[in-house]
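# Breakdown of the fold
If you want the building blocks of each chain, they are given just below.
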Amino acid sequence: MSDTTTPLLALSDYAIRFSTPDGTVKAVNGLDLSVGRGETVAVVGESGSGKSQTFNGVFGLLAGNAETAGEARFEGRDLLKLSPRELDAVRGADMAMVFQDPMTALNPAMKIKHQLSETLKVHKGLKRREAEAQALAMLKKVGIPEAERRIEQYPHQLSGGMRQRVVIAMALLCRPKLIVADEPTTALDVTIQAQILDLFRDLTSDAGTALVLITHDLGVVAGVADKVVVMYAGRIVEEAPVEALFTRPAMPYTAALIRSIPRVDRDAEAVEPIGGRPPDLIHPPAGCPFHPRCRFAEDACRRERPPLAEIEPGRRAACWFPFVDATSATAHGTPSPEALDG
Ligand SMILES: Nc1ncnc2c1ncn2[C@@H]1O[C@H](COP(=O)(O)OP(=O)(O)OP(=O)(O)O)[C@@H](O)[C@H]1O
Ligand SMILES: [Mg+2]
């Protein structure tokens, strides 16, 4: 199916539960999310909000104690219903995942040349010589200097940043339609981080590849993403174009996340960590899952969970009082009395 109306990836009423001796962990809860062809979507949220498991489930990489529900359609086909072999075929050729630690994707005992060309031989049926030529070209594309020499080396002979470039090259080689990158730059130092994110942006936009960028660091998404999805307690609590999200966050949790970003143009004391503790996913709070930590919470928030609703064209939020915190998010400080009354 290659019509343009079907999103590339569409999760609907998608859920993941983990059985544990302490009870059932409700890690992902009724998610509705779509990724269009060529679109870059950032998925952000604190540790434990369900970012990784959401996409591990899409790739069939969940732990043995997991159970999924709902649908995860890739080009219309529900991935949750595919056999392991069918899923394997989709995974190799049409969608690829890049993880935080490049060594999880690299075989330490194999030269770069062989790791890269192997993928092409397996998934595209290329002969060795052609596969190696394409591998070398891709290494150059991802900005590896002296690629002819590097391709003959083993992973341990490369720096962390170089290794992540190799992994990105590997992900791009089969020209997938979707790349999911889970904290791809978290292990790298700040300057390398920026280079790798630029590389992702340039290469995916050149190739028309959709990119899901998972990060707990809202600070890195501004120059990269089209759309931002904010997760809390395994739910989407806000979704907006990147610019709108930063200038006018609708949900107090998003505003709190923005205030927690260290910024060069702001004093260190303007950075406010989010108060309170992340929710217990075995016994999630009633009502809005963020209400115990929200300074604007009212009775309605404690009683009933707000649905993820369209609040403006192209924007969704799960909040009974959207935009209440919008101004204080960027200006920093105590909210105005009008905002508190709202
Ligand atoms: N196998 C498992 N058994 C029980 N609970 C699990 C299992 N795997 C993950 N979880 C729980 O699922 C929840 C969501 O985890 P997830 O890895 O998606 O978080 P995340 O948003 O990616 O966080 P981080 O930013 O730390 O990577 C967490 O509370 C986690 O403890
Ligand atoms: Mg994670």
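In this text the structure is predicted, and so the values were computed from the model without any measurement.

## Details of the site of ligand 1
In the neighbourhood of ligand 1, 16 residues make up the surrounding shell, with S47, G48, K51, S52 and Q53 lying closest. Residue G48 places a main-chain N or O atom 2.8 Å away from an oxygen atom belonging to ligand 1. For ligand 1, whose free accessible area comes to 640 Å², the fraction covered by protein is 69%. Listing elements by their share of the shell around ligand 1, those giving two or more residues are strand 1 (9-20), strand 2 (23-35) and helix 1 (51-58). Sort the elements by how many residues they give to the shell around ligand 1 and helix 1 lands first, with 3 residues. Residue composition of the shell around ligand 1, by class: 5 nonpolar, 8 polar and 3 charged.

## Some thoughts on the pairing of strand 2
Pairing of strand 1 with strand 2, which is carried by 9 bridges, proceeds in the antiparallel orientation. Bridging across to strand 2, S19 finds its partner in T24. The antiparallel hairpin formed by strand 1 and strand 2 contains 2 residues in its connecting segment.

## Focus on helix 1
In terms of burial, helix 1 is largely enclosed, as 6 of its 8 residues are buried. Listed as buried for helix 1 are K51, T54, F55, N56, G57 and V58. Taken from the residues just after helix 1, G60 is the one with a positive phi, measuring 70 degrees.

## Overview of unusual backbone geometry
Most peptide bonds take the trans form, and the phi angle of most residues other than glycine is negative. You will see that R175, though not glycine, has its phi angle at about 50 degrees, which is positive. Note that R175 resides in the loop between helix 6 (160-173) and strand 7 (178-182). Its relative accessible area of 57% is what places R175 among the exposed residues. Its identity is not glycine, yet F323 carries a phi of approximately 70 degrees, on the positive side. Relative to the helices and strands, F323 is located in the loop between strand 12 (315-317) and helix 11 (326-331).

## Re the pattern of salt bridges
Enumeration according to the criterion identifies 22 salt bridges in this entry. In this structure, the salt-bridge partner of E75 is R37, at a minimum N-O distance of 3.3 Å. Here the residue E75 occupies a position in the loop between strand 4 (66-74) and strand 5 (77-78), and R37 occupies one in the loop between strand 2 and strand 3 (40-44), the gap between them amounting to 38 residues. Using a relative accessible area of 13% as the deciding quantity, one classes E75 as buried. The salt bridge involving E39 is made with K227; its shortest N-O contact spans 3.9 Å. Taken as a pair, E39 in the loop between strand 2 and strand 3 and K227 in strand 9 (residues 227-232) lie far apart in primary sequence, 188 residues in all. A residue is classified by how much of its surface remains accessible, and K227, at 12% relative accessible area, is buried.

## A short note on the pairing of strand 11 (residues 309-312)
Sheet analysis places strand 11 next to strand 12, joined by 3 bridges and oriented antiparallel. Following the sheet pairing, E310 is matched in strand 12 by R316. Adjacent in sequence and paired antiparallel, strand 11 and strand 12 are bridged by 2 residues, among which G314 carries a positive phi angle near 80 degrees.

## Some thoughts on the confidence of the model for the protein chain
On average, residues of the protein chain carry a pLDDT of 90, and 92% of them reach 70 or more. Taken together, the stretch residues 330-342 has pLDDT below 50 and engages in 16 contacts with residues farther than four places along the chain or on a different chain.

## Description of the packing of helix 3 (residues 112-124) against helix 6
Two numbers describe how helix 3 lies on helix 6: the axes approach to 9 Å, and their chain directions differ by 20 degrees. On the basis of the axis angle, helix 3 is roughly parallel to helix 6. The crossing of helix 3 and helix 6 is right-handed. On the side of helix 3, the interface is formed by I112, Q115, L116, T119 and L120, while helix 6 contributes V166, A169, M170 and L173. Across the contact of helix 3 with helix 6, the residue classes tally to 7 nonpolar, 2 polar and no charged.

## Side note on the UniProt feature "domain: ABC transporter" (unreviewed entry) in the protein chain
Here, the residues flagged by UniProt with the feature "domain: ABC transporter" (unreviewed entry) are residues 11-258. Note that residues 11-258 is 38% helix and 27% strand, and that its end C-alpha atoms are spaced 26 Å apart.

## Some details on the state of the cysteines
The final tally for this structure, using the stated rule, is 0 disulfides. Between C294, a cysteine without a disulfide, and C301, which holds the nearest cysteine sulfur, the sulfur-to-sulfur distance is 6.4 Å. Here C319 is not disulfide-linked; the sulfur of C288 is the nearest cysteine sulfur, at 6.4 Å.

The rules behind each value
Residues numbered from 1 in each chain as written. Chains lettered and ligands numbered in written order. Predicted model: local features only at pLDDT ≥ 70, side-chain atom pairs only at ≥ 80, totals over all residues. Heavy atoms only, no water. Near = heavy atom within 4 Å. Polar contact = N/O pair within 3.5 Å; in protein donor to acceptor, adjacent residues only side chain to side chain. Areas by Shrake-Rupley, 256 points an atom, 1.4 Å probe, with all protein chains shown as cover. Helix = DSSP H or I, 4+ residues; strand = E, 2+ residues; numbered from the N terminus. Nonpolar A, V, L, I, M, F, W, Y, C, P; charged D, E, K, R; others polar. Pairing = 2+ DSSP bridges. Buried < 20%, exposed > 50% of the residue type's maximum accessible area, 1.4 Å probe, protein only. Salt bridge = Lys/Arg side-chain N within 4 Å of Asp/Glu carboxyl O. pLDDT = per-residue confidence, 0-100. Contact = heavy atoms within 4.5 Å. Axes fitted to C-alpha atoms, helices over the stretch in contact; angles between N-to-C directions. Parallel < 35°, antiparallel > 145°, perpendicular 65-115°, else oblique. Left-handed = near helix turned anticlockwise from the far one by under 90°. UniProt positions renumbered as here; feature names shortened; annotations may be inferred. Disulfide = S-S within 2.5 Å.

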